Amino acid sequence: AVVSTQSTGDTESDDGSIATPSNLRPGVSDPAAAPLIPCTSCSKLVTQTVNCAFCGDVYCAECCGNAVTKARLGVTNPDTKHHMVSVCRDCVLMLPSEKLMAS
């Protein structure tokens, strides 16, 4: 029998093992089995990563938390140029500002 705990959403089976819900990576049902990936910038080991939309490197959420429009990356499609994407700390400094692009 499987018993669900209301407060955490964890489930406990007859053998006493606890399975937790996981939204870490598709196909990974056990958080302990999720691979730890080093952030390119700070080298912190994380299970959830963000790819920089400009350079493509893998970062933790803190190092790749700069939201910019696709227009700053050179996208000219009027349907998507205003969509927001994440870029790393280094790339955000290299991209042209919105003010320069409007000129």
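In the block above lies the structure referred to throughout.
Residues numbered from 1 in each chain as written. Predicted model: local features only at pLDDT ≥ 70, side-chain atom pairs only at ≥ 80, totals over all residues. Heavy atoms only, no water.

A. Quick look at the environment of methionine 84. You can see methionine 84 is positioned in strand E9 (residues 84-87). Along the primary structure methionine 84 and alanine 53 are separated by 31 residues, whereas in three dimensions their C-alpha atoms are 9.9 Å apart. Among residues more than four places away in sequence, those in contact with methionine 84 are Ala67, Val68 and Thr69. (Helix = DSSP H or I, 4+ residues; strand = E, 2+ residues; numbered from the N terminus. Contact = heavy atoms within 4.5 Å.)

B. Looking closely at the nonpolar core. Ranked by internal contacts, the top residues of the largest apolar core, which has 14 residues, are Cys52, Tyr59, Val68, Val87 and Cys88. Those elements that place two or more of their residues in this core are E9 and helix H1 (89-94). Apart from residues no more than four positions distant in its own chain, cysteine 52 is found in contact with Asp57, Tyr59, Cys64, Ser86, Val87, Cys88 and Cys91. (Core = buried A, V, L, I, M, F, W, Y, C linked by side-chain atoms within 4.5 Å. Buried < 20%, exposed > 50% of the residue type's maximum accessible area, 1.4 Å probe, protein only.)

C. Focus on the pattern of salt bridges. Enumeration according to the criterion identifies one salt bridge in this entry. Of the charged contacts, one joins glutamate 62 and lysine 44 as a salt bridge, the two residues approaching to 3.1 Å between their closest N and O atoms. Here glutamate 62, found in the loop between strand E7 (58-59) and strand E8 (66-69), pairs with lysine 44, found in the loop between strand E4 (37-38) and strand E5 (45-46); they are 18 residues apart in sequence, far enough to count as distant. (Salt bridge = Lys/Arg side-chain N within 4 Å of Asp/Glu carboxyl O.)

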